[in-house]
Amino acid sequence: MFFIIGWTTGNKEYGGVETKDDERSQLIKQKAIVSSWVLLLMFLFINFLFDFFNINQVAPKLEYPELFYLLLLVGSYFVYYWIYNRRLSTNEK
């Protein structure tokens, strides 16, 4: 697990993984991690509000909601990584 954390953050302090990332790549990875966690927390908060106010949900109840949340977190990390990589890329031609 520590190797995965080191690879996703781009920092060799976590897990001792040599990723050879520069500061820009580390910044992109860290921003993607923060954004994916914020998205997951917003999703959980909205789900809590729907349950608290007993609003009819269109989506069916999942048998394994933890798996859905994990897939949402990992998928959003890669989407945000792609977005920040394109946004912060150097336009060398």
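Above this note sits the structure.
Calculation rules
- Residues numbered from 1 in each chain as written.
- Predicted model: local features only at pLDDT ≥ 70, side-chain atom pairs only at ≥ 80, totals over all residues.
- Heavy atoms only, no water.
- Phe/Tyr/Trp six-rings, centres within 6.5 Å; stacked < 30°, edge-to-face > 60°.
- Helix = DSSP H or I, 4+ residues; strand = E, 2+ residues; numbered from the N terminus.
- Buried < 20%, exposed > 50% of the residue type's maximum accessible area, 1.4 Å probe, protein only.
- Polar contact = N/O pair within 3.5 Å; in protein donor to acceptor, adjacent residues only side chain to side chain.
- Contact = heavy atoms within 4.5 Å.
- Axes fitted to C-alpha atoms, helices over the stretch in contact; angles between N-to-C directions.
- Parallel < 35°, antiparallel > 145°, perpendicular 65-115°, else oblique.
- Left-handed = near helix turned anticlockwise from the far one by under 90°.
- Nonpolar A, V, L, I, M, F, W, Y, C, P; charged D, E, K, R; others polar.
- Expected span 1.5 Å × (residues − 1).

1. Brief notes about the packing of aromatic side chains
Part 1 of the argument: Applying the stated rule across the entire model yields eight aromatic pairs.
Part 2 of the argument: Aromatic side chains Phe48 and Phe52 sit 5.8 Å apart centroid to centroid with 25 degrees between the ring planes, which places their arrangement in the stacked category. Of this pair, Phe48 and Phe52 both sit in helix 2 (residues 23-52), four residues apart, which is roughly one turn of the helix.
Part 3 of the argument: Judged by its relative accessible area of 57%, Phe52 falls in the exposed class.

2. As for the side chain of Ser35
Part 1 of the argument: The topology assignment puts Ser35 in helix 2.
Part 2 of the argument: From its side chain, Ser35 meets the backbone oxygen of Lys31 in a polar contact 2.9 Å long.
Part 3 of the argument: Dropping the residues within four chain positions of it, Ser35 is found in contact with Tyr80 and Tyr84.

3. Digging into the environment of Gln26
Part 1 of the argument: Turning to its location among the elements, Gln26 is positioned in helix 2.
Part 2 of the argument: Separated by 18 residues in the primary sequence, Gln26 and Thr8 place their C-alpha atoms 8.7 Å from one another.

4. Remarks on the packing of helix 2 against helix 3 (residues 65-87)
Part 1 of the argument: For the pair helix 2 and helix 3, the least separation of the axes is 8 Å and the interaxial angle reads 140 degrees. Classified by the angle their axes make, helix 2 and helix 3 are oblique. When the axes of helix 2 and helix 3 are compared, the crossing they make is right-handed.
Part 2 of the argument: Split by residue class, the contact of helix 2 with helix 3 holds 16 nonpolar, five polar and three charged.

5. Notes on the environment of Trp82
Part 1 of the argument: Considering the arrangement of structural elements, one finds Trp82 in helix 3.
Part 2 of the argument: Since its relative accessible area comes to 52%, Trp82 is described here as exposed.
Part 3 of the argument: Between the alpha carbons of Trp82 and Ala32 there is a distance of 8.6 Å; along the sequence they are 50 residues apart.

6. Observations regarding helix 2
Since the α-helix advances by 3.6 residues per turn, residues separated by three or four positions end up pointing in the same direction.
Part 1 of the argument: With 30 residues, helix 2 extends 43 Å from end C-alpha to end C-alpha; this agrees with the ideal 44 Å at 1.5 Å per step.
Part 2 of the argument: Taken residue by residue, helix 2 has Ser25, Ile28, Lys29, Ala32, Ser35, Ser36 and Leu40 as its buried positions.
Part 3 of the argument: Asn54 lies just past helix 2 and shows a positive phi near 55 degrees.

7. Let's talk about unusual backbone geometry
Part 1 of the argument: We note that Asn54 has phi near 55 degrees; this positive angle belongs to a residue other than glycine.
Part 2 of the argument: Relative to the elements of secondary structure, Asn54 occurs in the loop between helix 2 and helix 3.
Part 3 of the argument: Note on Asn54: relative accessible area 64%, which makes it exposed.

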